[in-house]
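# Structural overview for review
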Amino acid sequence: MAASVAIPAPYSDNLFRRVARLIPGLFLLIAVGYAGKFVEQSIARYGKAHHLTLPNIEYVLWAILIGLVISNTVGIPAAFRPGLATYEFWLKAGIVLLGSRFILGDVLKLGGVSLVLVVIEISVSLVFMTALGRAFGLTPKLTSLLAIGSSICGVSAIIAAEGAIEADEEDTSYAIAAVLALGAVALFTFPLIGHWLGMSDTSYGLWAGLGVDNTAEATAAGALYSDAAGKVAVLAKTARNAMIGFVVLGYAIYWARKQGTAGVGNKAAFLWRKFPKFVLGFLLISALATARLFNPGQITSLANLSRWAFLLTFAGVGLRTNIADMRKQGMRPFLVGAIGEVAVALLTLGLVLGAARFLQ
Amino acid sequence: MARTAEHEIVSEEARTLAHKAMQKPNWRISPDTWAVALALVLTALVWSGWIKRIPW
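Everything quoted here is computed from the prediction, not taken from an experiment.

## A word on the overall build of chain B
Tallying secondary structure elements over chain B gives 2 helices and 0 strands in all. Counting across all 56 residues of chain B, residues that qualify as buried make up 27%.

## Some words on the overall build of chain A
Broken down by element type, chain A carries 16 helices and 0 strands. Since a compact globule built from 360 residues should have a radius of gyration of about 21 Å, the 21 Å found for chain A is in line with a globular shape. When the backbone C-alpha atoms are referred to their principal axes, chain A occupies close to 70 × 70 × 45 Å. Expressed as a percentage of its 360 residues, the buried residues of chain A come to 51%.

## Thoughts on unusual backbone geometry
Phi angles above zero are rare outside glycine, and Arg292(A) is one such case at about 55°. Examined against the element boundaries, Arg292(A) turns out to sit in the loop between α13 (277-290) and α14 (296-319).

## A few points about helix α1 (residues 15-49) of chain A
Residue and element names in this part refer to chain A. The end-to-end C-alpha distance of α1, which contains 35 residues, comes to 49 Å, matching closely the 51 Å that a straight helix rising 1.5 Å per residue would cover. Approximately 35° is the largest bend angle found in α1, and it occurs at isoleucine 23, with the proline proline 24 only one to four residues beyond. Those residues of α1 lying buried are Gly25, Leu28, Leu29, Val32, Gly33 and Gly36. Check the buried side of α1 and you find it contacts α2 (59-72), α3 (81-84), α4 (87-98) and α14. At the exit of α1 stands histidine 51, carrying a positive phi of roughly 55°.

## As for the environment of Ala256(A)
Residue and element names in this part refer to chain A. In this fold, alanine 256 is placed in helix α11 (residues 244-259). Note on alanine 256: 16 C-beta atoms within 10 Å, which makes it partly exposed. When the C-alpha positions of alanine 256 and leucine 347 are compared, they lie 31 Å apart, and in sequence the two are 91 residues distant.

## Let's talk about the confidence of the model for chain B
All names here are of chain B. This prediction gives chain B a mean pLDDT of 74; 50% of its residues lie at or above 70. The low-confidence segment residues 5-9, where pLDDT is below 50, has 11 contacts with residues more than four positions distant or belonging to other chains. Overall fold confidence for the complex sits at a pTM of 0.74, while the interface term, ipTM, reaches 0.74.

## Thoughts on the environment of Gly354(A)
All names here are of chain A. Structurally, glycine 354 can be placed in helix α16 (residues 331-355). Residue class for glycine 354 comes out exposed when judged on the 10 C-beta atoms lying within 10 Å of it. As for glycine 354 and serine 203, which are separated by 151 residues in sequence, their C-alpha atoms are 9.9 Å apart.

## Details of the packing of α1(A) against α2(A)
Residue and element names in this part refer to chain A. α2 packs onto α1 with a crossing angle of 130° between their chain directions and a minimal axis gap of 7 Å. Between α1 and α2, the angle falls in the class oblique. Judged by the twist between their axes, the crossing of α1 over α2 is right-handed. Mapping the contact onto sequence places Val32, Gly33, Ala35, Gly36, Lys37, Val39 and Glu40 in α1 and Tyr59, Trp62, Ala63, Ile66, Gly67 and Ile70 in α2. The residue makeup of the contact of α1 with α2, split by class, is 8 nonpolar, 3 polar and 2 charged.

## Let's talk about the environment of Phe102(A)
All names here are of chain A. As for its position among the elements, phenylalanine 102 is in the loop between α4 and α5 (104-135). Residue phenylalanine 102 is classed as buried on the basis of its 23 C-beta neighbours within 10 Å. It is 41 Å that separates the C-alpha atoms of phenylalanine 102 and proline 140, two residues lying 38 residues apart in sequence. Contacts of phenylalanine 102, omitting those with residues within four sequence positions, involve Val107, Leu235, Ser286 and Ala289.

## A closer look at the confidence of the model for chain A
Scored by pLDDT, chain A comes out at a mean of 82, with 90% of its residues at no less than 70. Taken as a whole, residues 1-11 of chain A scores under 50 in pLDDT and shows 0 contacts with residues more than four places along the chain or in a different chain.

## Let's talk about the packing of α4(A) against helix α9 (residues 215-225) of chain A
Residues and elements named next belong to chain A. Between α4 and α9, the shortest axis-to-axis distance is 10 Å and the interhelical angle comes to 60°. In terms of orientation, α4 and α9 fall into the oblique class. Here the hand of the crossing between α4 and α9 comes out left-handed. Facing α4, whose interface residues are Tyr87, Glu88 and Leu91, α9 presents Thr215, Ala216 and Thr219. Residue composition of the contact of α4 with α9, by class: 3 nonpolar, 2 polar and 1 charged.

Cut-offs and rules
Residues numbered from 1 in each chain as written. Chains lettered and ligands numbered in written order. Predicted model: local features only at pLDDT ≥ 70, side-chain atom pairs only at ≥ 80, totals over all residues. Helix = DSSP H or I, 4+ residues; strand = E, 2+ residues; numbered from the N terminus. Buried ≥ 20, exposed ≤ 12 C-beta atoms within 10 Å, placed from the backbone. Rg over C-alpha atoms; globule rule 2.2 N^0.38 Å. Expected span 1.5 Å × (residues − 1). Bend = angle between axes of the 7 residues up to and from the residue. Contact = placed C-beta atoms within 7 Å. pLDDT = per-residue confidence, 0-100. Axes fitted to C-alpha atoms, helices over the stretch in contact; angles between N-to-C directions. Parallel < 35°, antiparallel > 145°, perpendicular 65-115°, else oblique. Left-handed = near helix turned anticlockwise from the far one by under 90°. Nonpolar A, V, L, I, M, F, W, Y, C, P; charged D, E, K, R; others polar.

Next up, the structure:
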């Protein structure tokens, strides 16, 4: 009898399997997102049928809440996680499609104001977070990662910076955990404060885009306030995301000099590698809409496609938030992040209220 | 670099994301670029009339 030979499986991680692994989580995202939409519509229908005035709670909140309940009760089995992780992918596709609802002139005006505020916000929060990290005795690289995460764009910025400054996995995972936990808090506090202050959709959207770290949470925090605020939040957040490359490049050069390691090489190539490509996609679609390439029906279809993509994102935000995990984290980095976030939120609120007359 | 107590417990998702970031990327095209490509394809389909109407 021939001896059995262990044959390596050459196709064990082929494209088909990678796609197949995404399916359970994708179905869960669709189910939770659609359940949120279904609950919103059912409540509205019930109110109409019974002549009741019920509060209009948007599908955004329902999708997040249903996701939160699932994640924190039955939990998320491992088979669902690869598909759930695609919520960032849908977020970016949704942002690009949302470009169809912006005329380039609006993008330049609002984006221009946003960019000025973004530069101020990033500069102040980088300095503040660095000082705070030192005061609380955090490791220098964890401090750098927290500063980058809270000043620019949460998880994406931390991941972009991790390789550039050669941070280790523990520091990176801690910074990501802190940013995710604080994003979940901001998601519910920002709309409440916005309503309390009676902010306009534009001012609130700008504040959410500047003050909430992670793009998914910033988009959700804006959409929770109103559809118009959601649009502005995405635009402001996109302007902030566009700065990732520059800040990460600065940190990479700083750490390379400090550690005496090789520098970043070709800086233009580095910037291109780190630049979020969906910003370009958003601008391209917005330019096409400005050139009147789409008729009103097509713009509605593109906007609805963007809504479906965001629906999956909001479901993902709820499903990936685990309150038990948040409570287990150590206190010092979380405190640094929390104090920094409150300071950034207050700073950006002041900036937005100050810039309100330029936004009319 | 010395580990601090705060490093001991972090969320599973954060650890997974950080671990993935440490791996050498095996994507020729980043997920970010795929998302843009998908959005552009959908836009082209709507513009050309292949997709008539997307309801909400």
